[in-house]
Amino acid sequence: MLKQKELVGLFEQSVVDDNFVRLTLSRNIDKTATLRKAIIKLVFIKKKLHFSIVYRHATNDITKNFGLKDGYPMIQELMDNTFLNAALFTTEKDWFYELNKNQERLYANKPTFTKVPKRVHDKQKPKLIVNTSYLVQLGILDEKGRVQKDKGAKYKQIKKFVEVVESLLKKNPILGKEGTVQIYDMGSGKGYLTFALYDFLTNNAQIDVKLTGVEARPELVTFCNEVAKKDNFKQLSFKEGFISNFTLPKTDILIALHACDTATDDAIHKGIEAGARLIICAPCCHKQIRKQFNATKPLDSITAFGILKERQAEVVTDTIRALLLEANGYKASIFEFISTDHTGKNVMIIGQKEEMPIEKEPILDKIKALKQSFGIKTHYLETLLK
Ligand SMILES: C[S@@+](CC[C@H](N)C(=O)[O-])C[C@H]1O[C@@H](n2cnc3c(N)ncnc32)[C@H](O)[C@@H]1O
């Protein structure tokens, strides 16, 4: 492996000459492996130079830092046994190494980077998910903590959801300062997001919470209660019930993630009635108003196309939900929860209770106008709130 040796020499020299930018190793020998790349940079940690290696897997990145003494053999090992390609970026030249059927190739190009990057340690985001035992029991991670095949999208959604709640809590610092925070998760399903939220709030944010999942399917309720018991999540429990029949006691946060069709409206209604400070929902399917659509001109040009009618129904349903939240004293926001690459159900509606009273009439007028434009007679949430 003469050319590989030459590349390693160039790499080591670039570190000594301080013109090293980055070394990227790619094309895993094992095509089935989840590890796709290793990206190596130099960073100062406690005033000492280290290699920071990002191990890029199909669904996640793992970063590890090594002192130079340990780092060089680690990188050599990756080049010998894991990766077939290497790209060395220095401020002098870019070097590319490839190994194909035992044939080595090494060539240089003009440098992509003309300045050495700041050797600062990327501040790692603090881990929001501390405990992973429940993720294993729920089938998201395997025993070794690796994301199970086909669960990558759900795992991303879980992490994103916890991030969203973290940022909402920063904006609502009052939560948790007035005793136990009461949270209800309506249509909690297998509890993926419920467990992660409980774990984050209690073990990371150190907030005293009582979280209850409400779910129509009894087998899921039993399963989730067993997992909660195994993990010693004492203030987390699951109850069997239908959202519309469920009596909510004092509630601080109401959650409804991917609750089917009008179950989202039932949940928002319950949250408003219970005076929840925060209402967080990610609607699922939107059938209720689509059936009534009879759009006026020129909107009828849009609803004439099946798929656009469907999308328009989603947009109008969620807009009316947000306006109804506003009419009932909430500041509403709607944003993309998680990229559409991971799920089609990716819109999140948040209602944060306003401190000041609001003027209801202008908002109700907006809803009326919107309904008229699309020929909608009833929006389910509106009828619940009457
Ligand atoms: C798509 S799953 C979502 C589960 C979980 N919230 C999540 O996002 O991973 C929807 C869950 O809501 C439950 N569900 C739907 N309508 C319901 C209702 N009216 N009352 C209680 N549970 C309901 C279903 O049984 C199902 O488990």
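Residues numbered from 1 in each chain as written. Predicted model: local features only at pLDDT ≥ 70, side-chain atom pairs only at ≥ 80, totals over all residues. Heavy atoms only, no water.

1. Points about the environment of Y72
And step 1. Residue position: Y72 is located in helix α2 (residues 68-81).
And step 2. Put simply, Y72 and T132 are 60 residues apart on the chain and 32 Å apart in space, counted from C-alpha to C-alpha.
And step 3. Sequence-distant contacts of Y72, that is, excluding residues within four places in its chain, are made with F11, E12, V15 and F51. (Helix = DSSP H or I, 4+ residues; strand = E, 2+ residues; numbered from the N terminus. Contact = heavy atoms within 4.5 Å.)

2. Focus on the domain arrangement of the chain
And step 1. We note that the domain assignment places domain 1 (2-109) and domain 2 (133-385) within the chain.
And step 2. Between domain 1 and domain 2, the C-alpha centre-to-centre distance is 44 Å. (Domains from an automatic or database assignment.)

3. Things to note about the side chain of H57
And step 1. Its place among the elements puts H57 in strand β3 (residues 48-57).
And step 2. Those residues in contact with H57, other than ones at most four positions away along the chain, are T34, L35, R36 and I62.

4. Some details on the packing of helix α9 (residues 306-327) against helix α10 (residues 360-374)
And step 1. Put simply, α9 and α10 touch, their axes get as near as 9 Å, and they point 165° apart. In this view, α9 runs roughly antiparallel relative to α10, as classed from their interaxial angle. Here α9 runs over α10; the crossing is left-handed. Contacts between α9 and α10 pair Q312, V316, T319, I320, L323, L324, E326 and A327 from the former with K360, I363, L364, K366, I367, L370, K371 and F374 from the latter.
And step 2. A class-by-class count of the residues in the contact of α9 with α10 yields ten nonpolar, two polar and four charged. (Axes fitted to C-alpha atoms, helices over the stretch in contact; angles between N-to-C directions. Parallel < 35°, antiparallel > 145°, perpendicular 65-115°, else oblique. Left-handed = near helix turned anticlockwise from the far one by under 90°. Nonpolar A, V, L, I, M, F, W, Y, C, P; charged D, E, K, R; others polar.)

5. Section: the sheet that holds strand β11 (residues 253-257)
Across a sheet, strands are paired by hydrogen bonds formed along the backbone, either parallel or antiparallel in direction.
And step 1. Pairing within the open sheet is mixed, and its seven strands lie in the order β10-β9-β8-β11-β12-β14-β13. Across the chains shown, the open sheet's two edge strands, defined by having one partner strand only, are β10 (236-240) and β13 (330-336). Taking each pair of neighbouring strands and ignoring which way they run, the sheet shows an average axis angle of 15°.
And step 2. In the sheet, β13 pairs with strand β14 (residues 347-353) via seven bridges, with the strands oriented antiparallel. Note on β14: the bridge partner recorded for K331 is Q352.
And step 3. Here helix α6 (residues 218-230) sits on the sheet and contacts β9 (209-215) and β10; the angle it forms with β10, its principal contact strand, is near 165°. (Pairing = 2+ DSSP bridges.)

6. Side note on the site of the ligand
And step 1. Close to the ligand lie 16 residues, the nearest being K154, G187, E215, L257 and H258.
And step 2. Here the ligand, which alone exposes 600 Å², has 82% of that area covered by the protein.
And step 3. For the shell around the ligand, the per-class residue count stands at eight nonpolar, five polar and three charged. (Near = heavy atom within 4 Å. Areas by Shrake-Rupley, 256 points an atom, 1.4 Å probe, with all protein chains shown as cover.)

7. Notes on the packing of aromatic side chains
And step 1. Applying the stated criterion to the full structure yields 15 aromatic pairs.
And step 2. Ring centres of Y198 and F233 lie 5.0 Å apart, and the angle between their planes is 45°; this geometry places the pair in the tilted category. Here the residue Y198 occupies a position in helix α5 (residues 192-204), and F233 occupies one in the loop between α6 and β10, the gap between them amounting to 35 residues.
And step 3. Residue class for F233 comes out buried when judged on its relative accessible area of 6%. (Phe/Tyr/Trp six-rings, centres within 6.5 Å; stacked < 30°, edge-to-face > 60°. Buried < 20%, exposed > 50% of the residue type's maximum accessible area, 1.4 Å probe, protein only.)

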